[in-house]
Amino acid sequence: MITAFVMIQTVADSIPECAQKISELEGISEVYSVAGDWDLIAIARVRNHEDLAEAIANKLSKVDGVVETTTHIAFRSYSQHDLDAAFSLGLE
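Summarised in this report is the structure supplied together with it. Since the model is a prediction, treat every value here as computed from it, not as a measurement. (Residues numbered from 1 in each chain as written. Predicted model: local features only at pLDDT ≥ 70, side-chain atom pairs only at ≥ 80, totals over all residues. Heavy atoms only, no water.)

Along the polypeptide, Y32 turns up in strand β2 (residues 28-33). The exposure class of Y32 is partly exposed, given its relative accessible area of 40%. Between the C-alpha atoms of Y32 and I43, which are 11 residues apart in sequence, the distance is 8.6 Å. When near neighbours in sequence (up to four residues on either side) are disregarded, Y32 contacts D39, L40, I41 and I43. Among the polar contacts made by the side chain of Y32, one reaches the side chain of E30 at a distance of 2.3 Å. (Helix = DSSP H or I, 4+ residues; strand = E, 2+ residues; numbered from the N terminus. Buried < 20%, exposed > 50% of the residue type's maximum accessible area, 1.4 Å probe, protein only. Contact = heavy atoms within 4.5 Å. Polar contact = N/O pair within 3.5 Å; in protein donor to acceptor, adjacent residues only side chain to side chain.)

Below you can see the structure in the form of structure tokens.
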């Protein structure tokens, strides 16, 4: 599974509409409205790089109101929440 974080700049008055459209795209698991240099951050979770290209380059970047994107591909996940959940399986 490939995970990517996509920073998104939108037209200022279309943030909620862009977020909704992006959240409906195949391969996009979450979309967050954020403060800072970017308007939205989307998390893509796909099986391979071809699916990532389809989700981001062919769909997300073409959503009406999206002005700019920057994508960061994750190598590893270091989540205490995930580690705790994995080690607590069957301990109820």
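Using the criterion set out here, one finds 2 salt bridges in the structure. The salt bridge partner of E30 is R45, with a shortest N-O separation of 3.2 Å. Placement of E30 in strand β2 and of R45 in strand β3 (residues 40-46) is noted, with a sequence separation of 15 residues between them. A residue is classified by how much of its surface remains accessible, and E30, at 26% relative accessible area, is partly exposed. According to the relative accessible area criterion, R45 is partly exposed, its value standing at 38%. K59 is the salt-bridge partner of E54, the closest N and O atoms lying 3.8 Å from each other. (Salt bridge = Lys/Arg side-chain N within 4 Å of Asp/Glu carboxyl O.)

A few words on helix α2 (residues 49-59). Taken as a whole, α2 has its buried residues at L52, A55 and I56. Take α2 and look down its axis: the buried residues cluster within an arc of 75 degrees, on one side only. Structurally, the start of α2 carries an N-cap: the backbone nitrogen of E50 is 3.1 Å from a side-chain oxygen of N48. (Arc of directions from axis to C-beta.)

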